[in-house]
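# Summary of the model geometry
Now for the letters of each chain:
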Amino acid sequence: MAVVVGAGGVLGAAHVGIGYALEQRGFVPDMIIGTSVGALNGAIAAACPERAAPWLDHVWTQLHRCEVYPLGYRLFSRSSIFTDRGLRRLIAGAGLPSRIEQLPVPFTAVATDLDTGDPVLLDHGDLESALLASAAVPGMLPPVEREGRVLVDGGVTAYVPVLAALQAGAASVVVVPTGPESSPLRPTTTRRRASAIAARAGLVLLHHQIERDLDEVSKHIPTVVLPTGIEVWPAPWDFRQTQRLISTASRTAGRFLDGLRISGPGLYRVDEPSTTPASPGEASTSSLSGGSL
């Protein structure tokens, strides 16, 4: 079974909570495929698949915006607003091997070729450059030159890289998503401000990309999308809500996993977001599609 870890920036803290739920139930993946922050979290999970969640918890709860997104030496560089110094320090401190092939669990980081627009699957070679490329948000972090290509964030073409898992021969896939892009798209009143219009359009774009890819993969193999239970997501730069994201996702994903039954190819997930907040030690649930309790 493959674990697919989606993009989401600071929202990637929810990955840690889902990681707890999986590890507590003895789940060890056959392969891990990640995009952007999902590649960073996924590489650590591939390095220590049975005990990654506590380490990631410690890292995420200590993070601050200035450590991850330090401004460039001249405030704005030619290729990005922020430098990648923070990500380089984070990767170096993780104690990861230098090459992807040295990870105990087969791992792939997904990036995007800026020239051709194609997704690029980085499953061998230098690990640091693969992670930097996968997380290189266009305009925010510098692109990475690797093997003659200019690479940027994998979320541009594969926000949740389930197609890469199918291409790699996965017999089934567990999706670790983040953010409102991975939830049912709720109708809203369109606001007239340019920023609100752009944000809504971006949300719609990513949502349809994710749903298209999930629909295609679930026709062939069981595709389980783990819920986070998070109704209100923090701002992109707000690391102060990390513990809330971790604990909520852990409770909700655990409850879902305990009731999950797989019966062949299909999409297994919570149909609608919960309307009642989860209380300590408990998670809200709703009906499931593709499986039975």
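Okay, so let's go over this structure.

Analysis parameters
- Residues numbered from 1 in each chain as written.
- Predicted model: local features only at pLDDT ≥ 70, side-chain atom pairs only at ≥ 80, totals over all residues.
- Heavy atoms only, no water.
- Helix = DSSP H or I, 4+ residues; strand = E, 2+ residues; numbered from the N terminus.
- Expected span 1.5 Å × (residues − 1).
- Buried < 20%, exposed > 50% of the residue type's maximum accessible area, 1.4 Å probe, protein only.
- Contact = heavy atoms within 4.5 Å.
- Arc of directions from axis to C-beta.
- Salt bridge = Lys/Arg side-chain N within 4 Å of Asp/Glu carboxyl O.
- Axes fitted to C-alpha atoms, helices over the stretch in contact; angles between N-to-C directions.
- Parallel < 35°, antiparallel > 145°, perpendicular 65-115°, else oblique.
- Nonpolar A, V, L, I, M, F, W, Y, C, P; charged D, E, K, R; others polar.
- Left-handed = near helix turned anticlockwise from the far one by under 90°.

### Considerations on helix α1 (residues 13-24)
In a regular helix each residue adds 1.5 Å, so twelve residues correspond to 16 Å; α1 covers 17 Å between its end C-alpha atoms and thus fits that length. Of all twelve residues in α1, ten are buried, a share of seventy percent or more. Listing the buried residues of α1 in full gives A13, A14, H15, V16, G17, I18, G19, Y20, A21 and L22. Where α1 is buried, its residues contact β1 (2-5), α2 (37-47), α3 (52-62), β7 (173-176) and α9 (242-259). Looking one or two residues beyond α1, the residue adopting positive phi is G26, at roughly 75°.

### Focus on helix α5 (residues 85-93)
Three- or four-residue spacings in an α-helix give side chains the same orientation, since the helix completes a turn every 3.6 residues. All buried positions along α5 are accounted for by G86, L87 and I91. Along the long axis of α5, the arc covered by the buried residues comes to 130°, so they all point the same way. Relative to its buried face, α5 has exposed residues pointing more than 90 degrees away, namely A92 and G93. A positive backbone phi angle near 70° is found at G95, which sits one or two residues after α5.

### Quick word on the pattern of salt bridges
Applying the stated rule across the entire model yields eleven salt bridges. Between R212 and D213 there is a salt bridge whose closest N-O contact spans 3.0 Å.

### A look at the packing of α3 against α9
Packing of α3 against α9 leaves a shortest axis separation of 9 Å and a crossing angle of 150°. In terms of orientation, α3 and α9 fall into the roughly antiparallel class. Two secondary-structure elements touch here, α3 through D57, W60 and T61 and α9 through T242, Q243 and I246. For the contact of α3 with α9, the residue count by class is two nonpolar, three polar and one charged.

### Overview of the packing of α2 against helix α6 (residues 127-134)
The contact between α2 and α6 brings their axes to 7 Å, and the two run at 150°. The element α2 and its partner α6 pack so that their crossing is right-handed. In this structure, α2 uses A39, L40 and A43 to contact α6, whose residues at the interface are L127, L131 and S134. The class makeup of the residues in the contact of α2 with α6 is five nonpolar, one polar and no charged.

Spatial relationships are all this shows, so hold off on functional conclusions.
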